[in-house]
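Working through the structure, step by step
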4 protein chains.
Amino acid sequence: MPTSKKTTPTRREELLATAAEVFAEHGYRATTVRRIADEAGMLAGSLYYHFDSKESMLDEILTGFLDDLWARYDAVLAAGHGPRETVTALVTESFREIDRHRPAVALYQRESAHLAGNPRFAYLADSRRRFEEMWLGVLRRGVADRAFRADLDTRLAYRFLRDTVWVAASWYRPGGTHSAEEIARQYLSMVLDGIAPRP
Amino acid sequence: MPTSKKTTPTRREELLATAAEVFAEHGYRATTVRRIADEAGMLAGSLYYHFDSKESMLDEILTGFLDDLWARYDAVLAAGHGPRETVTALVTESFREIDRHRPAVALYQRESAHLAGNPRFAYLADSRRRFEEMWLGVLRRGVADRAFRADLDTRLAYRFLRDTVWVAASWYRPGGTHSAEEIARQYLSMVLDGIAPRP
Amino acid sequence: MPTSKKTTPTRREELLATAAEVFAEHGYRATTVRRIADEAGMLAGSLYYHFDSKESMLDEILTGFLDDLWARYDAVLAAGHGPRETVTALVTESFREIDRHRPAVALYQRESAHLAGNPRFAYLADSRRRFEEMWLGVLRRGVADRAFRADLDTRLAYRFLRDTVWVAASWYRPGGTHSAEEIARQYLSMVLDGIAPRP
Amino acid sequence: MPTSKKTTPTRREELLATAAEVFAEHGYRATTVRRIADEAGMLAGSLYYHFDSKESMLDEILTGFLDDLWARYDAVLAAGHGPRETVTALVTESFREIDRHRPAVALYQRESAHLAGNPRFAYLADSRRRFEEMWLGVLRRGVADRAFRADLDTRLAYRFLRDTVWVAASWYRPGGTHSAEEIARQYLSMVLDGIAPRP
DNA sequence: CATGAATGAGGTTTCATTCAT
DNA sequence: GATGAATGAAACCTCATTCAT
């Protein structure tokens, strides 16, 4: 019986959620601070009572998402499952994360590549590296254990998995016909077993 | 009447290639006309001798790419292969297109969603629709023909394929270790047969 | 009967002292109300319980300083000394004033010129005029009395004295190696007798 | 027949002169970019074709002045005069500099203290140090040579001279009744010999 | 007395675009 | 074909000030 930790969100959190939504829809650059303020029912200047800059909103949105994501990934990795189960759990957690933080994930997908050059967002490159290590590790172990095909190009498979999962944030809508878990199951069946029928 | 077909590229074409490169790297909004001009070794104002506007550069880049792409897709569809072969051919052509027009593809991937609302770029929504119809048609026929698994969620598989292929434009570099055809083969083996070993 | 004459300073006075310090350091314009409030350990809005506006703080600081200064100058002038003694007394009182109200003096020196146009600060121009009259009077009397050199350009000497004294507020720090009186003595010896040795 | 080296000033130089004028009159902070542009007969944004920022205008004005000043001071020092002549020459050059670069000097006087903390303006602190060394050197040599009084407090005299000279920029107007050289002569007679008659 | 939150005016800066030369 | 200079709209941000609590 999980007691909801969610107390009433602070004004900051509300505003960040609004900002994330708009950023995700139009892109960071194309989003004006005025637009966010409009959406929040205040004047553009008023946002600066809560945040230092437009960039710091972006920063907070991305770190909030990544911190949460890694906490969950770490829990999965700590469980010590076999490769197939680990892939399953990681993909499932990823789709759950899209469910929880859709705008942040879409934003991350859209902007992280060119933000990574900015010192303030160096953690994006760090995260990307951990990501790569994590997936390559799981995939290689899977190949070694014969959980995955021996001829698998793990680097390519890593990119394939990474992209496939996160791009879903661009079309996924919480409360749609499929739950995050269902989408994860479908994706996994394609990735693990392919779309061609097994004999 | 010197219509240059594939001989030396015109100055326009050179400039468009430059613009596409910069757009792809930084995003359309974040790219300044001055930056494109710098890269082309001229002043910002001088670009307006060649193009009406920044938007018209974007337009020309995207139509150039889509016209080419559809010509090739249409050729594949006209060949009348079976579903598995058609998927194979379409995916292969897609990766070849990334090879030929990488910046344009990356740009398309990044910007098409929110450009679609702009009347000038209505053709993006049209293209997207044709895309969807094409893929859904192939996939459904494949399920009917038992070329693909009976339990395949074709809408989800469509998104999966679409995203998976195009996102590759964000990391693919022509002249890397894998040719476009090799990457296509690897992707197809994952999509068609999965990463788990077949019994 | 709590009229605080010179006992514990009221909160207003404390806040004005803080404001004067910050104004003097960064200039009036460059000083934000928030900065003053920070320094005073409160929020910007809270200052408005004590003062009408940022400008009224400036006003109070400047009038406080000028009222005090003129009371002292008037006492000197009323004493009816000769020119040399009067100059000595005025310069000494000026340095004492710097000692007592350093931030206010620095502020006055820095801002009075362009504040003088503002009707609210018309008293600055008045004060400047009285200043000029006072000094010119003393210097001219001194020349007439042969207390000062016959060839003295009194207008130039006036500016020289005025500037020389007040600019000291920008580097003087109370509690330094020299007392106000000592600095006054040194200044006077330079002004009255020059830095070259007297035969 | 000194051939005027002054070719027609570039647009940049014209704009800098305008900016310096306005900065000097109202202070750097209180001066809006729009005000400068108005004075120059253009729109605020147009200034950014010529300069990176308001700060870079300030920077260029100050470096232009200081470079010129030091070139002249260095020439004086290189001449190897005795202390009294050196002081005379330095003060005279200073007043000439006020004549040439009045707004820049006024600006320097008004803003250098609090700009010095800004890394971009570190050269202000450097210049101030060289200034101090130069003056202290001359004064000490003068005391040793008996050109100046034995009891002279050289540190105090340095400040006295420094301030006295530069503050004149706040009231000096080129083309007034006194030439720069005349003012210098008067100042020097006060500083060197005092305002009291010599016996 | 003080806080937290907001306003609104105005500031600096960016940038696509124009145009005479 | 290209340059140098400018426009003008709109962006981000600052800050004195207000006010309910």
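Residues numbered from 1 in each chain as written. Chains lettered and ligands numbered in written order. Predicted model: local features only at pLDDT ≥ 70, side-chain atom pairs only at ≥ 80, totals over all residues. Heavy atoms only, no water.

**Quick word on the side chain of Asp193 of chain B**
Within the element layout of this structure, Asp193 of chain B appears in helix 8 (residues 180–193). In this structure the side chain of Asp193 of chain B is engaged in a polar contact, spanning 3.4 Å, whose partner is the side chain of Arg84 of chain B. Excluding its chain neighbours within four sequence positions, the residues that come into contact with Asp193 of chain B are Arg149, Leu192, Asp193, Gly194, Ala196 and Arg198 of chain A together with Arg84, Leu188 and Arg198 of chain B. (Helix = DSSP H or I, 4+ residues; strand = E, 2+ residues; numbered from the N terminus. Polar contact = N/O pair within 3.5 Å; in protein donor to acceptor, adjacent residues only side chain to side chain. Contact = heavy atoms within 4.5 Å.)

**Here's the deal with the interface of chain D and chain C**
Facing the 40 residues of chain D at the interface are 40 residues of chain C. Between chain D and chain C, roughly 3,800 Å² of surface is buried when both sides are summed, and carbon and sulfur atoms account for 62% of that area. When residues of chain D are sorted by the area they lose upon contact with chain C, Arg149, Phe160 and Ile195 of chain D head the list and together hold 20% of the total. The interface formed by chain D and chain C contains 1 salt bridge. In this structure, the salt-bridge partner of Arg110 of chain C is Glu111 of chain D, at a minimum N-O distance of 3.8 Å. Here chain D and chain C share 11 residue pairs in polar contact (both at pLDDT 80 or more) between them. Mapped by element, the contributors of at least two residues to the side of chain D that touches chain C are helix 1 (11–26), helix 5 (83–115), helix 7 (154–167) and helix 8 (180–193) of chain D. Here the side of chain D that touches chain C is composed, by residue class, of 19 nonpolar, 8 polar and 13 charged. (Buried area = accessible area lost by both parts, 1.4 Å probe. Salt bridge = Lys/Arg side-chain N within 4 Å of Asp/Glu carboxyl O. Nonpolar A, V, L, I, M, F, W, Y, C, P; charged D, E, K, R; others polar.)

**Considering the relation of the copies chain D and chain C**
For the pair chain D and chain C, the relating rotation is 179°, the translation along its axis is 0.1 Å, and the fit reaches an RMSD of 0.1 Å. On the angle and the small slide along the axis, the relation comes out as a two-fold axis. Judged by C-alpha distance, Gly194 of chain D is the residue of chain D that lies nearest the rotation axis, at 1.8 Å. (Least-squares fit on C-alpha atoms with pLDDT ≥ 70 in both.)

**Remarks on the UniProt feature "DNA-binding region" (unreviewed entry) in chain A**
In this numbering, the UniProt entry assigns the feature "DNA-binding region" (unreviewed entry) to residues 32–51 of chain A. Counting secondary structure, residues 32–51 of chain A comes out at 60% helix and 0% strand; the distance between its end C-alpha atoms is 15 Å. (UniProt positions renumbered as here; feature names shortened; annotations may be inferred.)

**Quick look at the arrangement of the chains**
Nothing in chain B touches chain C, and the closest approach of their C-alpha atoms is 32 Å. Nothing in chain A touches chain D, and the closest approach of their C-alpha atoms is 19 Å.

**Concerning the protein's contact with DNA strand F**
Residues in contact with DNA strand F amount to 30 residues; listed here are only the nearest, Tyr48 of chain A, Ser46 of chain B, Tyr48 of chain C together with Arg11 and Ser46 of chain D. In the interface set of DNA strand F, defined as its atoms within 4 Å of the protein, sugar plus phosphate atoms amount to 75%. One of the backbone nitrogen or oxygen atoms of Val33 of chain C is found 2.6 Å away from a phosphate oxygen of DNA strand F. Taken together, the residues that form the surface near DNA strand F break down as 10 nonpolar, 13 polar and 7 charged. (Near = heavy atom within 4 Å.)

**Things to note about the protein's contact with DNA strand E**
Around DNA strand E lies a shell of 32 residues, among which Arg11 and Ser46 of chain A, Tyr48 of chain B, Ser46 of chain C together with Tyr48 of chain D are the nearest. Within 4 Å of the protein, the contacting atoms of DNA strand E are 71% sugar and phosphate, with bases supplying the remainder. Looking at the surface near DNA strand E residue by residue, the class counts come to 10 nonpolar, 14 polar and 8 charged.

**A closer look at the interface of chain B and chain A**
Facing 40 residues of chain B, the contacting portion of chain A comprises 40 residues. Between chain B and chain A lies a buried interface of about 3,800 Å² when both sides are counted; carbon and sulfur atoms form 62% of it. Interface area lost by chain B to chain A is led by Arg149, Phe160 and Ile195 of chain B, which between them contribute 20%. On inspection of chain B and its partner chain A, the count reaches 1 salt bridge.

**Here we look at the confidence of the model for chain A**
Residue and element names in this part refer to chain A. Here chain A shows a mean pLDDT of 92. Residues at 70 or above account for 96%. Here helix 7 (residues 154–167) is the element of chain A with the lowest mean pLDDT, 91, and helix 4 (residues 54–78) is the one with the highest, 97. Low pLDDT, under 50, characterises residues 1–5; the stretch is placed with 0 contacts to residues that sit more than four places away or in other chains. (pLDDT = per-residue confidence, 0-100.)

**Section: the packing of aromatic side chains**
Going through the model one piece at a time under the given rule, you end up with 42 aromatic pairs over all chains. Their ring planes at 80° and their centres at 5.0 Å tell us that Phe160 of chain A and Tyr187 of chain B sit as a pair that is edge-to-face. Note that Phe160 of chain A is positioned in helix 7 and Tyr187 of chain B in helix 8, a pairing that runs across two chains. Every member of this aromatic cluster is reached through a ring pair, and the members are Phe65, Trp70, Tyr73, Tyr108, Phe131 and Trp166 of chain A. One residue, Lys54 of chain C, lies across the ring of Tyr28 of chain C, its end atom 4.5 Å from the ring centre. (Phe/Tyr/Trp six-rings, centres within 6.5 Å; stacked < 30°, edge-to-face > 60°. Lys NZ or Arg CZ within 6 Å of the ring centre and 35° of its normal.)

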